[in-house]
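If you want the building blocks of each chain, they are given just below.
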Amino acid sequence: MTYLRYAPGIEKPAADEQKTIDGIIAGMTQQSETVERREHHAVRASHAKSSACVTGELTIATGLPPELAQGLFATPGTHPIAVRFAQGPGETLGDRVSTHRGMSIKVFDVPGEKLPGHAVDTQDFVLATGTTFPSGTAAGFLRDGTVIGKSTGLPEGVKSAVSSTMRNLNKALHAFGTESALADFFGHPYSHPLADSYFSQAPVRFGDYVAKLGAVPANESQRALSEWRLDPHQDEDGFRHATVAFFRDHEVVFELRAQLWADAERQPIEDASVDWPVSVSPYRTVATLRLPRQDAYSPDRVRYFDEVMTFRPAHSLAAHQPLGSVMRARLQVYRALSDFRHRENGVAAEDSAGIDRIPA
């Protein structure tokens, strides 16, 4: 198969993109202010409620073919990692509001040229459930973010009803062999967080190439969770309790996979709402994440992950530069909202340089 090469000209920003990004930052900051007034604390503007805060290792496979042996993955070996699993909303809600989820990965001991403003030897991958980002572009991000922002002040029961409606919509669509990414974004199944797969949703540079990334459960104990479903009426923090309990007794393994860019028409760079067909380019394993048995929610570690630590697409090697409209927005939006959160809480943000910074 022939894969398309990265070149700066593959990105095509809209003429008014900066104005759109400024609008996203203003809207999401206002949303964060609303949540802060209610919770008396500033939380992440997305993925606020963590389910597990863990450490482990990323092992880069040996013998990768040249198109996969790129950037971080060019040199076989093992790196320490920190991983934060979290629920989607930018507020602390009960788990009956089951929306999309996040898996943020920080890889340590990563030498090489970094993006401007990133000064330590780390590489972040910020992943979420769903292979696409429903908003598609920065303009769509602003549109959908405006709707979410207006709904932030609504009672939790209303948000639960919306989540339930979206979940039932996808159940109906599954009968016809399809589903809605937007419905899953707002109404993800009550599945176990460690049985889910997580994706970059938008593309990144992959050395000489371009790829979307995915993390897929890779051991039998996780696969055995495929039929597990939370009863939120029994436990409003059930995703956390189930994840922490699993880590107490089991190792967790994910395969990190890359889906290379091969068709500019069917795999657009600028519209993250378009699913890249696996028939055009499959996801191929480049590394393995191993997260050993551990206390996944110790108080000191959770405080460090939730209050101090930052995970951003901008924490990246130049070889893995985020690409496309949504990613260009994220480069600025994540920083602005992190600055707001840390400033409001009186906490110094830290772009953690080493695994030794993380409490046990």
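Refer to the preceding data block for the structure.
Treat the numbers as computed from the prediction; the structure is a model and nothing was measured.

### Focus: the packing of aromatic side chains
Right, so step 1: Inspection of every chain in the model, using the stated rule, returns 13 aromatic pairs.
Right, so step 2: Geometrically, the ring pair formed by F133 and F141 is edge-to-face, given 5.4 Å between the ring centres and 65° between the ring planes.
Right, so step 3: You can call F141 buried: its relative accessible area is 12%.
Right, so step 4: Taken together, a centroid distance of 6.3 Å and an interplanar angle of 65° make the contact between Y198 and F254 edge-to-face. Of this pair, Y198 sits in strand β5 (residues 198-199) while F254 sits in strand β8 (residues 252-260), and the two are 56 residues apart along the sequence. Here Y198 matches F254 in class, with each residue buried.
Right, so step 5: An aromatic cluster is defined as three or more aromatic residues linked by ring pairs; in this entry it consists of F85, Y198, F247 and F254.
Right, so step 6: Just above the ring of F239 sits the side chain of R101; from NZ or CZ to the centre is 4.2 Å.
Right, so step 7: Lying across the ring of F133, R330 places its NZ or CZ 4.9 Å from the centre.

### Describing the nonpolar core
Right, so step 1: With 60 residues, the main nonpolar core has F73, F85 and F206 as its most contacted residues.
Right, so step 2: One finds C53, Y304, M309 and V347 within the second-largest nonpolar core, a separate group that totals 12 residues.

### As for unusual backbone geometry
Right, so step 1: Positioned with a positive phi, H40 is a non-glycine residue whose angle comes to about 60°.
Right, so step 2: Within the fold, H40 resides in the loop between α1 (17-39) and β1 (50-60).
Right, so step 3: Residue H47 is not a glycine yet carries a positive backbone phi of 55°.
Right, so step 4: Relative to the helices and strands, H47 resides in the loop between α1 and β1.
Right, so step 5: For H47, a relative accessible area of 10% translates into the label buried.

### Some details on the pattern of salt bridges
Right, so step 1: According to the stated counting rule, one finds 23 salt bridges in the structure shown.
Right, so step 2: Salt-bridge contacts for R223 lead to E220; the nearest nitrogen and oxygen are separated by 2.8 Å. Residue R223 and its partner E220 are located together in helix α5 (residues 220-223), separated by three residues, close to a single helical turn.
Right, so step 3: Owing to a relative accessible area of 42%, R223 belongs among the partly exposed residues under this scheme.
Right, so step 4: We classify E220 as exposed; its relative accessible area is 58%.
Right, so step 5: For the salt bridge of E270 with R328, the shortest nitrogen-to-oxygen distance reads 2.9 Å. Placement of E270 in the loop between β8 and β9 (283-291) and of R328 in helix α8 (residues 325-345) is noted, with a sequence separation of 58 residues between them.
Right, so step 6: Since its relative accessible area comes to 12%, R328 is described here as buried.
Right, so step 7: One network of salt bridges, with partners in common, ties together E11, E17, E270 and R328.

### Thoughts on the pairing of strand β3 (residues 101-108)
Right, so step 1: Within β3, eight of the eight residues are buried, leaving the element largely enclosed by the surrounding structure.
Right, so step 2: The side-chain alternation of β3 yields two buried faces, one formed by R101, M103, I105 and V107 and the other by G102, S104, K106 and F108.
Right, so step 3: As paired elements, strand β2 (residues 77-87) and β3 share seven bridges and run antiparallel to each other. Across the sheet, the residue bridging to Q87 is R101, located in β3.
Right, so step 4: Relative to strand β4 (residues 122-128), β3 is paired through seven bridges, and the arrangement is antiparallel. Of the residues in β4, the one forming a bridge with M103 is L127.

### Side note on the side chain of S163
Right, so step 1: Along the polypeptide, S163 turns up in helix α3 (residues 156-174).
Right, so step 2: Residue classification places S163 among the buried residues on the basis of a relative accessible area of 1%.
Right, so step 3: In terms of polar contacts, S163 uses its side chain to reach the side chain of R167, at 2.8 Å.
Right, so step 4: Not counting residues within four places of it along the chain, the set of residues in contact with S163 comprises R96, V97, S98, F186 and G187.

Rules used throughout
Residues numbered from 1 in each chain as written. Predicted model: local features only at pLDDT ≥ 70, side-chain atom pairs only at ≥ 80, totals over all residues. Heavy atoms only, no water. Phe/Tyr/Trp six-rings, centres within 6.5 Å; stacked < 30°, edge-to-face > 60°. Buried < 20%, exposed > 50% of the residue type's maximum accessible area, 1.4 Å probe, protein only. Helix = DSSP H or I, 4+ residues; strand = E, 2+ residues; numbered from the N terminus. Lys NZ or Arg CZ within 6 Å of the ring centre and 35° of its normal. Core = buried A, V, L, I, M, F, W, Y, C linked by side-chain atoms within 4.5 Å. Salt bridge = Lys/Arg side-chain N within 4 Å of Asp/Glu carboxyl O. Pairing = 2+ DSSP bridges. Polar contact = N/O pair within 3.5 Å; in protein donor to acceptor, adjacent residues only side chain to side chain. Contact = heavy atoms within 4.5 Å.

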